[in-house]
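Chain residues, written in single-letter form:
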Amino acid sequence: MTTDYVRHAARLTRKLYLDASLGTPAAPDPEYYKTLAKALEDIADGLEQVGKRRD
């Protein structure tokens, strides 16, 4: 499993959080949602692979 999308989503989320803490309204853009969706798919795939190894 590659963690590129997971790490990228985490970076984008931290940026949104930091911007919001400085008073800038958090407004995720379409890239954020696309990256987050891909990261969640990668996580789900990884969990499925781990589950198959345990069987």
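Residues numbered from 1 in each chain as written. Predicted model: local features only at pLDDT ≥ 70, side-chain atom pairs only at ≥ 80, totals over all residues. Heavy atoms only, no water.

Colleague: In this structure, what is going on with the pattern of salt bridges? I would like to understand it.
Modeller: Close approach of charged atoms allows side chains of opposite charge to pair. The full count for this structure, using the stated rule, is two salt bridges. Between K15 and D19 there is a salt bridge, with its nearest N and O atoms 2.9 Å apart. With K15 and D19 both in helix α1 (residues 4–21), this residue pair falls four residues apart, about one helical turn. Judged by its relative accessible area of 24%, D19 is partly exposed. Notably, a salt bridge pairs K38 with D42, separated by 3.4 Å at the nearest N-O pair. Residue K38 and its partner D42 are both found in helix α2 (residues 30–54); the two are separated by four residues, about one turn of the helix. (Salt bridge = Lys/Arg side-chain N within 4 Å of Asp/Glu carboxyl O. Helix = DSSP H or I, 4+ residues; strand = E, 2+ residues; numbered from the N terminus. Buried < 20%, exposed > 50% of the residue type's maximum accessible area, 1.4 Å probe, protein only.)

Colleague: Which parts of the structure should I look at to understand the packing of aromatic side chains?
Modeller: In this description, an aromatic ring pair is defined by two values, namely the gap between the centres and the angle between the planes. Summed over all chains, the structure comprises one aromatic pair. Centre to centre, the rings of Y32 and Y33 are 5.5 Å apart; their planes meet at 75°, and the pair counts as edge-to-face. By relative accessible area, Y32 is classed as buried at 11%. Classification of Y33 as partly exposed rests on a relative accessible area of 48%. (Phe/Tyr/Trp six-rings, centres within 6.5 Å; stacked < 30°, edge-to-face > 60°.)

Colleague: When you look at α1 in this model, what are you seeing that I'm missing?
Modeller: Count 3.6 residues to each turn of an α-helix, and residues three or four apart come out pointing the same way. With 18 residues, α1 extends 26 Å from end C-alpha to end C-alpha; this agrees with the ideal 26 Å at 1.5 Å per step. Buried within α1 are the following residues: A9, L12 and L16. All buried residues of α1 lie within an arc of 65° about the axis, which places them on one face of the element. Away from its buried face by more than 90 degrees, α1 exposes D4, R7 and Y17. Each element contacted by the buried residues of α1 is listed here: α2. (Expected span 1.5 Å × (residues − 1). Arc of directions from axis to C-beta. Contact = heavy atoms within 4.5 Å.)

Colleague: I tried to follow the side chain of T35 on my own but got confused; where do I start?
Modeller: Relative to the helices and strands, T35 resides in helix α2. Excluding its chain neighbours within four sequence positions, the residues that come into contact with T35 are Y5, H8, A9 and L12.

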